[in-house]
2 protein chains.
Amino acid sequence: MKTGGTRLANEAWEALLSAHARLVKQFAAEDTWHDLSMREYDVLYTLAKNAQPVRIGELHRRVLLSQPALSRLVDRLVERGLLRRLGDPADGRGVHLVLTESGREKQRQIGRQHARSVARAITAELDPAELHQLAIICGKLARRPAQDKEVSGP
Amino acid sequence: MKTGGTRLANEAWEALLSAHARLVKQFAAEDTWHDLSMREYDVLYTLAKNAQPVRIGELHRRVLLSQPALSRLVDRLVERGLLRRLGDPADGRGVHLVLTESGREKQRQIGRQHARSVARAITAELDPAELHQLAIICGKLARRPAQDKEVSGP
DNA sequence: TCAAAGTTCATGCGTTTGCATAGAAACCTA
DNA sequence: TAGGTTTCTATGCAAACGCATGAACTTTGA
């Protein structure tokens with residue numbers, strides 16, 4: 001017997017896409033991004049979240065951008081003094097990315113304001129129980145299945 | 001005292017972003033799209049869903065793309081014979097978009113395969129109850145809230 | 001009724017993106 | 001350890017994008 005979740009699954013996915021598009025547009029329209037794009041901020045945010053230096057490939061897994069585009073985005077951030085490329089001592093191919101103090105400060109500035117926007121927009125529609133469910137459910141969708149090879153750090 | 005859902009709201013939003021990025025990447029990597037991009041397919045899908053002709057501005061509200069970029073995306077689809085521009089008889093500025101039979105057929109082909117992918121990917125992680133909750137919650141986030149009056153300064 | 005303001009879509013132009021691929025380092029097998 | 005394969009990042013180049021603006025049309029208000 002089929003579970004028949006196909007229709008429901010597609011409806012859920014479409015709803016997620018719509019929610020994503022609506023909110024991203026709303027956030028993008030806000031005046032919180034100083035002189036960088038949301039994608040650039042996303043990179044700063046990811047780096048700020050991790051204490052350890054992050055490799056470009058690792059970043060590539062978290063960001064919706066092709067590897068060459070990400071490489072060039074990093075170029076720009078380096079050129080602006082927000083980021084530094086450091087060779088990975090353990091792997092000559094790899095590149096570690098580290099925020100400069102300036103980059104960290106810019107992330108904080110934007111982050112504070114953006115976090116408020118996010119909270120305002122989302123709590124306007126969802127109660128705490130729904131927030132919690134959404135986080136749980138999207139968490140399940142976000143974690144990469146299969147491909148279990150090595151399980152090293154975060 | 002505030003309800004303090006700020007942290008939870010931001011966690012939920014980050015989870016939604018991660019889920020979105022993970023799944024979009026996965027779908028994009030699949031060999032489903034024939035000779036068009038996911039954004040182009042998205043436009044065909046939206047047009048196929050509505051029986052009535054859709055105006056570009058209406059489409060713009062549903063798609064995460066600037067208006068000029070959308071206008072040119074439509075150009076390309078028209079040039080490929082998948083779409084037609086029709087003047088809106090009721091508003092000389094407006095443009096109605098209609099799928100050609102070829103465009104409708106292409107949407108169906110891609111859509112069938114893509115819908116299966118979506119169902120496979122999502123039901124692998126979520127049970128029916130979660131699917132339902134996700135659809136409900138994202139539905140709330142997706143619907144554009146009533147545009148309240150702006151309270152900008154004097 | 002008509003000029004000013006607003007709306008809708010298209011176009012010019014510089015920037016960013018993706019695809020294909022190159023280059024360098026690590027890995028693997030004999 | 002050499003040779004082939006795989007992994008990781010960068011670069012050439014054409015396509016696509018966003019911002020600013022233009023052109024055509026509608027709406028508004030005196």
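Going by what an unreviewed UniProt entry lists, chain A is known as HTH marR-type domain-containing protein and is assigned to Rhizocola hellebori.

Quick look at the sheet that holds strand E2 (residues 83–87) of chain A now. Pairing between the strands of a sheet is mediated by backbone hydrogen bonds and can be parallel or antiparallel. Residues and elements named next belong to chain A. Pairing in this open sheet of three strands is antiparallel, and the strands run E1-E3-E2 from one edge to the other. In the strand order of this sheet, the two ends are held by strand E1 (54–55) and E2, each with one partner. The sheet contact formed by E1 and strand E3 (residues 95–99) spans two bridges and is antiparallel. When the bridges of E3 are listed, Val-54 appears paired with Leu-97. Across the face of the sheet, helix H4 (residues 67–79) comes into contact with E2 and E3 while running at roughly 115° to E2.

Another aspect to go through is the protein's contact with DNA strand D. In the vicinity of DNA strand D there are 21 residues, among which Gly-57, Ser-71 and Arg-85 of chain A together with Ser-66 and Arg-76 of chain B approach most closely. Separating a sugar or linking oxygen of DNA strand D from a side-chain N or O atom of Arg-55 of chain A is a distance of 3.2 Å. Secondary structure elements with two or more residues in the surface near DNA strand D: helix H3 (56–62) and H4 of chain A together with helix H4 (67–79) of chain B. Across the surface near DNA strand D, the residue classes break down as six nonpolar, six polar and nine charged.

Okay, the relation of the copies chain B and chain A next. Of the transformation superimposing chain B on chain A, the axial component is 0.0 Å and the angular component is 180°, with the fit at an RMSD of 0.1 Å. Such values leave the two copies arranged in the relation of a two-fold axis. Relative to the rotation axis, the closest C-alpha in chain B is found at Leu-134 of chain B, a distance of 3.3 Å. Take the interface residues of chain B: 100% of them recur as interface residues in chain A, which is what a same-surface contact looks like.

Looking now at the protein's contact with DNA strand C. Neighbouring DNA strand C are 21 residues, the closest being Ser-66 and Arg-76 of chain A together with Gly-57, Ser-71 and Arg-85 of chain B. Counting only atoms of DNA strand C within 4 Å of the protein, the fraction found in sugar and phosphate groups is 64%. Within the side chain of Arg-76 of chain A, a nitrogen or oxygen atom sits 2.4 Å from a phosphate oxygen of DNA strand C. Gly-57 of chain B is positioned such that a nitrogen or oxygen atom in its backbone is 2.8 Å from a phosphate oxygen of DNA strand C. Those elements giving two or more residues to the surface near DNA strand C turn out to be H4 of chain A together with helix H3 (56–62) and H4 of chain B. Among the residues making up the surface near DNA strand C, the classes are represented as six nonpolar, six polar and nine charged.

Thresholds applied
Residues numbered from 1 in each chain as written. Chains lettered and ligands numbered in written order. Predicted model: local features only at pLDDT ≥ 70, side-chain atom pairs only at ≥ 80, totals over all residues. Heavy atoms only, no water. Pairing = 2+ DSSP bridges. Helix = DSSP H or I, 4+ residues; strand = E, 2+ residues; numbered from the N terminus. Contact = heavy atoms within 4.5 Å. Axes fitted to C-alpha atoms, helices over the stretch in contact; angles between N-to-C directions. Near = heavy atom within 4 Å. Polar contact = N/O pair within 3.5 Å; in protein donor to acceptor, adjacent residues only side chain to side chain. Nonpolar A, V, L, I, M, F, W, Y, C, P; charged D, E, K, R; others polar. Least-squares fit on C-alpha atoms with pLDDT ≥ 70 in both.

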